[in-house]
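Structure assessment
Below are the chains, spelled out letter by letter.
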Amino acid sequence: MTTTILLTALVTALPYGVAAQRDTTLHALDSVVVTGTRNGTDIRHLPMTISVVGRDRLTENERVNVLPTLAEQVPGLFVTSRGMMGYGVSDGAAGTINLRGISSGTGQMMVLVDGHPQYQGIFGHSISDSYQTMMTERVEVLRGPASMLYGSNAMGGVVNIVTRKMLQDGVKTDFSAGAGSYGTVQSEISNRIKKGKFSSTIAGQYGRSYNNRPDMGFEQYGGYAKLAYDFVSHWNAYADLDLTHFNASYPGSIHDPIYDARQWVTRGEASMAIENHYSNTSGAISAYYNFGRHKINDGHGEGEPRQTSYFLSKDAVSGISLYQSARFFSGNRMTFGLDWQHIYGKAWNRNIATGEDAAPIGNEHENEVAAYADFRQDFLTWLTIDSVLRIDHHSQTGTEWVTQGGLVFHAAKYGELKAMVSKGFRNPTIREMYFWTPANADLKPERMMNYELSWKQHLKEGALSYGVNVFYIKGDNMIQTQMVNGRPMNVNTGAIENSGAELEWNWRINRFWSLNNNYSYLHMRNKVLGAPELKAYAEANYTSGRWRVSSGLQYIYGLYTQVSPSEIREKFWLLHATVSYKACKNLEIWAKGDNLLAQRYEINYGYPMPKATFMGGLNVTF
């Protein structure tokens with residue numbers, strides 16, 4: 001609490017005109033979300049803790065990826081990084097999403113695009129360079145297990161990217177470009193059209209940075225397209241396609257340099273859905289296909305021979321999802337759903353000199369089928385009961401039952417007290433079961449239970465909101481590599497026991513000023529890389545006439561960058577500011593600075609982050 005007060009005082013004491021915001025707060029008074037229940041629901045009637053970050057917030061600091069903003073705006077969430085641009089894959093990669101000490105690096109956190117899972121099929125983790133602002137309308141983060149709706153890999157929570165669409169008839173095109181420190185360049189263009197029953201969104205982006213260390217260059221380009229059609233007043237359909245490709249190099253840790261390490265990665269996702277919306281029932285059937293192609297040169301140490309082979313892989317996660325929600329009587333809502341998913345992965349080596357492929361390292365696939373039912377009932381005006389039951393069958397590990405129960409007490413005007421108990425699980429990945437020496441085909445799912453109590457309230461007609469929650473997580477069957485009969489093997493032997501508290505408040509003071517702050521404390525019995533014990537963020541925003549200014553200050557304490565053979569922890573302050581000027585109706589000019597305190601720090605061990613960096617650019621709308 002002391003840290004939150006200090007951060008707020010520091011930021012709000014900045015001179016007049018150093019912060020800005022467009023017309024948004026972190027949570028609207030009647031925020032409707034889709035992540036916690038599949039159909040649009042008032043967040044006040046759900047027992048889960050869900051953070052909603054809108055497009056204005058995601059773009060106010062001119063970032064091309066959604067994750068840096070989420071790491072500031074969402075209590076308990078942290079994302080590892082190693083430079084100005086690019087997360088990469090393989091050794092030395094960053095982009096691990098940690099939520100309450102549960103990590104996407106081990107496949108325990110899931111990223112969704114419009115409710116469809118996005119992760120690398122062989123290793124089971126997210127590919128963070130894929131999550132671009134160009135396609136994003138808002139992001140909903142469910143903090144806590146979401147396995148009841150999304151199955152495996154949603155053990156610790158989900159980040160759901162809700163894509164953009166045009167709501168009113170017309171044509172709108174947006175273009176932005178910027179350049180700055182270390183040869184960093186970013187650009188993005190999008191076009192949205194709506195005419196009658198038809199709407200479309202088409203976007204493209206390009207980014208490049210040399211980053212702050214030699215031989216750590218990153219280049220990325222991609223595109224997104226979405227077509228939608230309203231058949232009649234109650235039925236609509238859409239199809240979308242997202243493609244991104246990046247080339248990256250990495251020099252290894254400063255303690256153990258690597259030479260010639262390169263990555264060439266292509267990721268894509270395609271989906272289509274038919275939706276229905278009636279007064280008493282709504283639902284959808286959708287199909288999705290998430291795929292990737294990776295080529296990697298792992299490089300070599302000083303004095304070691306060059307690699308003779310590339311590592312290549314291709315993977316896919318495809319599925320069909322069906323759900324229907326209905327209200328049978330007053331205050332009631334029931335949702336029934338069916339999910340089917342196919343996971344595929346193949347890996348092999350290719351001789352660099354001859355281009356010949358070696359025998360596959362592995363070529364495996366898994367299937368998962370599940371059914372679930374969600375029951376929610378309002379009693380009078382002061383109580384909502386919610387319960388979910390899921391049965392999930394995996395082709396290798398068998399059947400898993402998942403339950404969740406929660407209560408929402410509407411204890412005050414626009415104030416809710418929530419209590420929830422939920423289970424999360426994660427099936428072992430293809431790599432853990434079949435690839436390389438530690439593989440063990442007899443692995444069982446990881447499991448955890450989450451207990452949570454929260455309070456949230458809106459005051460001053462929604463201009464002021466605050467929330468606080470406490471949680472306790474206990475898990476077992478965590479997959480770890482240990483020596484068994486003289487050789488390394490993956491076994492279900494680890495445990496998780498985390499607890500903590502999270503606090504957030506947001507205040508739109510007047511039409512010029514707004515503040516938002518959050519604070520999270522995490523206690524981990526077993527330390528986790530990239531999960532800080534303390535994270536606090538305070539932001540002040542000011543807007544007047546043609547000027548917008550935003551300034552934020554983040555404090556990180558107890559960030560473990562190494563846990564073995566010895567523990568290494570980091571603490572640091574990060575200050576950023578963005579200033580923009582509306583030169584005319586169609587043109588906005590901006591400039592921003594990050595790490596303005598020029599802190600020396602690391603998030604990945606052996607990868608020093610850049611000190612103060614600067615960028616400038618323009619946004620054009622027509």
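Here the structure is a predicted model, which means the values were calculated and not measured.

As a further point, take the overall build of the chain. The secondary structure content of the chain amounts to 5 helices and 34 strands. Relative to its length of 622 residues, the chain is compact, with a C-alpha radius of gyration of 24 Å against a globular reference of 25 Å. Its C-alpha atoms give the chain principal-axis dimensions of roughly 65 × 55 × 50 Å. Excluding contacts between residues fewer than 6 apart, the proportion of contacts in the chain whose partners are at least 24 apart in sequence is 62%. In the form shown here, the chain has an accessible surface area of approximately 24,700 Å², with 59% of it arising from carbon and sulfur atoms. Positive and negative side-chain charges in the chain, numbering 57 and 56 respectively, have mean positions lying 5 Å apart.

Turning next to the sheet that holds strand S5 (residues 97–99). Here we have 3 strands laid out as an open sheet, ordered S4-S5-S6, and antiparallel in their pairing. The open sheet has two free edges, formed respectively by strand S4 (77–79) and strand S6 (102–103), since each of these has just one partner strand. Summarising the sheet, S4 and S5 pair through 3 bridges and their orientation is antiparallel. Bridging across to S5, Val-79 finds its partner in Ile-97.

The next subject is the confidence of the model for the chain. Here the chain averages 92 in pLDDT, while 95% of its residues score no lower than 70. The spread of mean pLDDT over the elements of the chain runs between helix H1 (residues 2–12), the lowest at 37, and strand S33 (residues 587–594), the highest at 98. Here residues 1–30 scores under 50 on pLDDT; set against residues more than four positions off or in separate chains, the count is 91 contacts.

A separate point is the pattern of salt bridges. Inspection of the entire model under this criterion finds 30 salt bridges. For Glu-502, the salt bridge goes to Arg-100, with nearest N and O atoms at 2.9 Å. Of this pair, Glu-502 sits in strand S28 (residues 487–508) while Arg-100 sits in the loop between S5 and S6, placing them 402 residues apart in sequence. On the basis of relative accessible area, Arg-100 is assigned to the buried category, the value being 2%. Note that Asp-215 is salt-bridged to Arg-262, the shortest N-O span being 3.1 Å. Of this pair, Asp-215 sits in the loop between strand S13 (198–209) and strand S14 (218–232) while Arg-262 sits in strand S18 (residues 262–277), and the two are 47 residues apart along the sequence. The network of salt bridges with common partners includes Arg-100, Arg-143, Glu-452, Glu-502 and Glu-504.

Turning to its location among the elements, Asn-98 is positioned in strand S5. A residue is classified by how much of its surface remains accessible, and Asn-98, at 1% relative accessible area, is buried. Reaching out from Asn-98, the side chain makes a polar contact with the backbone oxygen of Leu-529 at a distance of 3.3 Å. Ignoring anything within four residues of it in the chain, the contact list for Asn-98 reads Gly-76, Leu-77, Phe-78, Ser-103, Val-528, Leu-529, Gly-530 and Ala-531.

What follows covers the sheet that holds strand S9 (residues 136–143). Pairing within the open sheet is mixed, and its 5 strands lie in the order S3-S9-S10-S7-S8. Two strands bound the open sheet, and with one partner strand each, they are strand S3 (50–54) and strand S8 (116–118). Taken pair by pair, the neighbouring strands of this sheet meet at an average axis angle of 25 degrees, ignoring direction. For S3 and S9, the ladder comprises 5 bridges, and the chain directions are antiparallel. Its bridge partner being in S9, Ser-51 is matched across the sheet by Val-141.

Moving on, we come to empty space enclosed by the protein. Counted by the stated rule, this structure contains 7 cavities of 30 Å³ or more. Roughly 820 Å³ of internal volume is contained in the largest cavity. Taken together, 39 residues line the largest cavity, and the ones lying closest to its centre are Arg-63, Pro-68, Ser-81, Gly-83 and Met-84. By residue number, the principal contributor to the lining of the largest cavity is helix H3 (residues 67–73), which donates 4 residues. The residue makeup of the lining of the largest cavity, split by class, is 18 nonpolar, 15 polar and 6 charged. In this structure, the second largest cavity occupies an estimated 220 Å³ of space. Elements that contribute at least two residues to the lining of the second largest cavity include exactly strand S25 (415–426), strand S26 (446–459) and strand S27 (464–484). Residues that form the lining of the second largest cavity fall into these classes: 5 nonpolar, 6 polar and 6 charged.

Before going further, it helps to examine the nonpolar core. As a rule of thumb, nonpolar side chains are buried together in soluble globular proteins. Core analysis: the largest hydrophobic core is formed by 39 residues, its most contacted members being Ile-50, Tyr-150 and Val-158. With 25 residues, the next largest nonpolar core counts Leu-70, Ala-94, Leu-99 and Met-135 among its residues.

Here we come to unusual backbone geometry. The step from Ser-564 to Pro-565 runs through a cis peptide bond, and the omega angle for that step is 5 degrees. Of note, the phi angle at Leu-380 is positive, near 55 degrees, even though the residue is not glycine. Here Leu-380 is to be found in the loop between strand S22 (362–379) and strand S23 (383–394). For Glu-461, which is not a glycine, the phi torsion comes out positive at approximately 55 degrees. Residue position: Glu-461 is located in the loop between S26 and S27.

Moving on, we come to the environment of Arg-333. Note on placement: Arg-333 falls in strand S21 (residues 332–351). Judged by relative accessible area, which is 16%, Arg-333 ranks as buried. Remark: the alpha-carbon pair of Arg-333 and Gly-156, spanning 177 residues in sequence, is separated by 25 Å. A polar contact of 3.3 Å, which involves the side chain of Arg-333, links it to the side chain of Ser-325.

Rules behind the numbers
- Throughout, a residue's number is its position along its own chain's written sequence, starting from 1.
- Per-residue local features are limited, in this predicted model, to residues with pLDDT of at least 70; the limit for side-chain atom pairs, both in listing and counting, is 80 or more; totals at the level of whole chains, interfaces and linings are taken over all residues.
- Excluded from the side-chain calculations are hydrogens and water; all other atoms, namely the structure's heavy atoms, are used.
- What counts as a helix is a DSSP run of H or I of at least four residues, what counts as a strand is a run of E of at least two, and both are numbered from the N terminus.
- We compute the radius of gyration over the C-alpha atoms and compare it with the globule rule, which gives 2.2 Å times the number of residues raised to the power 0.38.
- For this analysis, residues touch if any pair of their heavy atoms sits within 4.5 Å.
- Residue burial considers only the protein chains on display, and all accessible areas are found by Shrake-Rupley using a 1.4 Å probe.
- By the counting rule applied here, Lys and Arg register as positive and Asp and Glu as negative, while His and the ends of each chain are not counted.
- Where a charge lies is defined by one atom per residue type, namely NZ (Lys), CZ (Arg), CG (Asp) and CD (Glu).
- In this scheme, strands are said to pair when DSSP sees at least two bridges between them.
- A residue's pLDDT is the predictor's confidence in that residue, given on a scale from 0 to 100.
- Basic side-chain nitrogens of Lys or Arg form a salt bridge, by our definition, when they fall within 4 Å of a carboxyl oxygen of Asp or Glu.
- The buried label goes to any residue with under 20% of its type's maximum accessible area, the exposed label to any with over 50%, and the partly exposed label to all in between, with areas taken from a 1.4 Å probe on protein chains only.
- We define a polar contact as two N or O atoms separated by no more than 3.5 Å, with the added condition that, inside protein, one atom must be a possible hydrogen donor and the other a possible acceptor, whereas residues neighbouring each other in sequence contribute only through side-chain atom pairs.
- Structural elements are reduced to axes, namely lines fitted to C-alpha atoms, with helices fitted over the stretch in contact, and the angle between N-to-C directions of any two is expressed from 0 to 180 degrees.
- Each cavity reported here is a set of points on a 1 Å grid over the protein atoms alone in which a 1.4 Å probe fits but cannot get out, each pocket an open set with protein on both sides within 12 Å along at least five of seven lines, and each lining residue one with an atom within 4 Å of a point.
- Grid points are joined across faces, edges and corners, and a volume is the space filled by probe spheres set on the points.
- Each residue gets one label: Ala, Val, Leu, Ile, Met, Phe, Trp, Tyr, Cys and Pro are nonpolar, Asp, Glu, Lys and Arg are charged, and the others, such as Gly, are polar.
- Remark: nonpolar core denotes a set of buried residues (Ala, Val, Leu, Ile, Met, Phe, Trp, Tyr, Cys) joined through side-chain atoms within 4.5 Å.

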